[in-house]
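Letter by letter, the chains look like this.
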Amino acid sequence: MGKQQQQPKPAPAAPPPQPSKTAHSPLLTYASMVTLLSLCPPFVILLWYTMVHADGSVLQIYEHLRDHGILEGLKAIWPAPTLVAGKIILGFALFEAALQLLLPGKRFEGPISPSGNVPVYKANGLLAYAVTLLTYLSLWWFGIFNPAIVYDHLGEIYSALVFGSLVFCLLLYIKGHVAPSSSDSGSAGNVIIDFYWGMELYPRIGKHFDIKVFTNCRFGMMSWAVLAVTYCIKQYEMNGRVADSMLVNTALMLIYITKFFWWESGYWCTMDIAHDRAGFYICWGCLVWVPSIYTSPGMYLVNHPVNLGPQLALSILLAGILCIYINYDCDRQRQEFRRTNGKATVWGKAPSKIIASYQTTKGETKTSLLLTSGWWGFSRHFHYAPEILAAFFWTVPALFTHFMPYFYVIFLTILLLDRAKRDDDRCSTKYGKYWKMYCNRVPYRVVPGIY
Ligand code: NDP
């Protein structure tokens, strides 16, 4: 068994290099960091306002900002964080933190880190997900708490999340400097990079409370599910029924999130957890961007109950389920292949593979297997295509009256194309000639024959 990540160690004097963070030119990297740091918070409020109060219309929001000026226009619509919003967020966060700590789960060892540590987790995500949804629905059913209240205070909740999560990221930055949880930590020598990309790979509170599992999975992904249900209930409370468009949207989002929690320990082996450090990009993103932007198609549908008819509704539902399944199967294939050390069959055949060696930051030589058949023979990041299509299918029930419901699909496409490039650059640095060999064998990055 490898060394466990929880053993506290002093931060290394020189930080491990972060090639993926500077995959683009330095100027572009800084410009995009500063732009995202300053534009993402107001955008969350603008999107909420557009969906809930401006009919999902870009034109309406443009006219508002043009008439009042950008700053005054923003101030006019920006709700102040309220006590109710604070109580809802705190109640939810404490409940999820308690479930993360207390529910039983199998021990799971994450992939070996660049410093050679092996983080250990408790795999109780699916149970936490079931307990959360059952509790939420029971509170509503027994008249203890009406989820419609969450929708009615959504703007204040996002406002509180925007500011609270910035403070949270600041605390992470300070923790990275003064009390890192493991040797997988270090400064890039620049405040903006350290704040934006984070300093620690696996920050923890005490030995067992993993902060990235909390921010990404138990707060971010869980709030997505809770808000999807909230939007459905709000529409029901307003109209006495739920439109089929809302049902398709909610069903697909919940299937996607159920898949996520079913496979949560697999997620702990992906870039978000194994490569990206705990900073604004990952943590603020999961604490604020996921509950707001990712849920936005459902947020729009609350006030726009489109009736699709059974045939169209069912076709969209089935197409969405197929995409979610293919995305899941791509991830499963890669992880099963790695878990069995290349012995698992892929589509009934022995897998084709490359044995790639690389050096850890400590100078040790290790090997990894790269799968070059099955879904992974189509393109190097084929799984991103069904991910984007699934998002399209849970948005398309809104039909094409307004552009804004499609913002998430467009954002996701840009995010994943950038991620594919970042991952390729990181893997190329890690595996050198073996990655070149892989690129020769599987020449396309995402869409076979096109890109
Ligand atoms: P992957 O799960 O694709 O992991 C990428 C890593 O896998 C690489 O860094 C490399 O790591 C290893 N690898 C690359 N090629 C191969 C290969 N041929 N065989 C074996 N291992 C390989 O990355 P993601 O984290 O991007 O995706 C995970 C899931 O999360 C996907 O389903 C994706 O769609 C989803 N996702 C969703 C997002 C959203 O916002 N909705 C955002 C991002 C992802 P190593 O160093 O170990 O070799």
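Since the structure is predicted, the reported quantities are computational estimates derived from the model, not experimental observations. (Residues numbered from 1 in each chain as written. Predicted model: local features only at pLDDT ≥ 70, side-chain atom pairs only at ≥ 80, totals over all residues.)

### Some thoughts on the domain arrangement of the protein
Under the domain assignment used here, the protein contains domain 1 (81–307) and domain 2 (328–451). Its C-alpha centre places domain 1 at a distance of 24 Å from the equivalent point of domain 2. Contacts between the two partners involve 23 residues from domain 1 and, on the opposite side, 22 residues from domain 2. The set of elements that each furnish at least two residues to the side of domain 1 that touches domain 2 consists of helix 10 (244–262), helix 13 (280–294) and helix 14 (296–302). Looking at which element gives the most residues to the side of domain 1 that touches domain 2, the answer is helix 10, with 7 residues. (Domains from an automatic or database assignment. Contact = placed C-beta atoms within 7 Å. Helix = DSSP H or I, 4+ residues; strand = E, 2+ residues; numbered from the N terminus.)

### Observations concerning the site of the ligand
Neighbouring the ligand are 20 residues, the closest being T270, M271, L370, L371 and E387. Of all the secondary-structure elements, those providing two or more residues to the shell around the ligand are helix 12 (271–274), helix 15 (310–339), strand 8 (365–371), helix 17 (384–395) and helix 18 (407–431). Among the elements that take part in the shell around the ligand, helix 18 stands out by supplying 5 residues, more than any other. Residue assignment places the shell around the ligand across two domains, with domain 1 (81–307) and domain 2 (328–451) each supplying three or more. (Near = placed C-beta within 6 Å.)

### So, the environment of M271
With respect to the helices and strands, the residue M271 is situated in helix 12. Overall, the presence of 14 C-beta atoms within 10 Å leaves M271 in the partly exposed class. For the pair formed by M271 and R419, sequence separation is 148 residues and the distance between their alpha carbons is 9.1 Å. Apart from residues lying up to four places away in sequence, M271 is in contact with D276, R419 and D423. (Buried ≥ 20, exposed ≤ 12 C-beta atoms within 10 Å, placed from the backbone.)

### Topic: the nonpolar core
Within the largest apolar cluster, 88 residues are counted, with the highest numbers of intra-cluster contacts made by Y231 and C283. Ranked by residue count, the leading element in this core is helix 9 (residues 211–239), at 15 residues. Split by domain, the residues of this core number at least three in each of domain 1 (81–307) and domain 2 (328–451). Excluding anything up to four places from it in sequence, C283 contacts F168, C169, L172, T215 and A278. Judged by nonpolar contacts, the second largest core, of 15 residues, contains C330, L371, W376 and W435. (Core = buried A, V, L, I, M, F, W, Y, C linked by C-beta atoms within 7 Å.)

### Some words on the environment of V150
The residue V150 is located in helix 6 (residues 148–152) in this model. Sequence separation between V150 and K234 is 84 residues; the distance between their C-alpha atoms is 9.1 Å. Excluding its chain neighbours within four sequence positions, the residues that come into contact with V150 are I88 and T230.

### Section: the confidence of the model for the protein
Averaged over all residues, the pLDDT of the protein is 91; the fraction at 70 or higher stands at 95%. Overall, residues 1–22 carries pLDDT values under 50, and its contacts beyond four positions in sequence, including any with other chains, amount to 45 contacts. (pLDDT = per-residue confidence, 0-100.)

### Here's the deal with unusual backbone geometry
In this structure, N341 takes a positive phi of about 55° despite not being glycine. Relative to the helices and strands, N341 is located in the loop between helix 15 and strand 7 (353–359). Non-glycine residue W347 carries a positive phi angle of around 50°. Its place among the elements puts W347 in the loop between helix 15 and strand 7.

### What to know about the pairing of strand 7
Where strand 7 and strand 8 come together, 7 bridges link them in antiparallel fashion. Of the residues in strand 8, the one forming a bridge with K353 is L371. In this structure, the hairpin formed by strand 7 and strand 8 is closed by a connection of 5 residues, where G363 is found at a positive phi of approximately 90°. (Pairing = 2+ DSSP bridges.)

### Brief notes about the UniProt feature "transmembrane region" (unreviewed entry) in the protein
Using the residue numbers shown here, the UniProt feature "transmembrane region" (unreviewed entry) corresponds to residues 27–49, 84–105, 126–145, 157–174, 246–263, 278–296, 308–328 and 388–417. Note that residues 246–263 is 94% helix and 0% strand, and that its end C-alpha atoms are spaced 26 Å apart. The straight-line gap between the two end C-alpha atoms of residues 308–328 is 27 Å; of that span, 90% is helix and 0% is strand. (UniProt positions renumbered as here; feature names shortened; annotations may be inferred.)

### Description of the packing of helix 1 (residues 26–53) against helix 13
Taken N-terminus to C-terminus, the directions of helix 1 and helix 13 make an angle of 10°; their axes are 10 Å apart at the nearest point. The orientation of helix 1 with respect to helix 13, classified from their angle, is roughly parallel. For the pair helix 1 and helix 13, contact is made by L37, C40, V44, L47 and W48 and by F280, V288, W289, S292 and I293, respectively. When grouped by side-chain class, the residues that make up the contact of helix 1 with helix 13 number 9 nonpolar, 1 polar and no charged. (Axes fitted to C-alpha atoms, helices over the stretch in contact; angles between N-to-C directions. Parallel < 35°, antiparallel > 145°, perpendicular 65-115°, else oblique. Nonpolar A, V, L, I, M, F, W, Y, C, P; charged D, E, K, R; others polar.)

### Things to note about the packing of helix 10 against helix 15
Here helix 10 crosses helix 15 at 10°, and the two axes come no closer than 10 Å. As judged from the angle between their axes, helix 10 and helix 15 are roughly parallel. Considering the relative orientation of helix 10 and helix 15, their crossing is right-handed. Two secondary-structure elements touch here, helix 10 through D244, V248, A251, L252, I255, Y256 and K259 and helix 15 through A313, I316, L317, G320, I321, I324 and Y328. Of the residues in the contact of helix 10 with helix 15, the class split is 11 nonpolar, 1 polar and 2 charged. (Left-handed = near helix turned anticlockwise from the far one by under 90°.)

### Brief notes about helix 1
Because each turn of an α-helix spans 3.6 residues, side chains separated by three or four positions in sequence point in the same direction. Compared with an ideal rise of 1.5 Å per residue, which puts 28 residues at 40 Å, helix 1 spans 39 Å between its outermost C-alpha atoms and is within 8% of the ideal. Within helix 1 the residues assigned to the buried category are P41, V44, L46, L47, W48, Y49, T50 and M51. Contacts from the buried residues of helix 1 go to helix 2 (58–68), helix 3 (70–77), helix 7 (154–178), helix 13, helix 14 and helix 18. (Expected span 1.5 Å × (residues − 1).)

### A few points about the environment of A391
Mapped onto the elements, A391 comes out in helix 17. On the neighbour-count criterion, A391 (26 C-beta atoms within 10 Å) is buried. Distance from A391 to L28, taken between C-alpha atoms, is 28 Å for residues 363 residues apart in sequence. Setting aside residues up to four positions removed in sequence, A391 forms contacts with Y408, V409 and L412.

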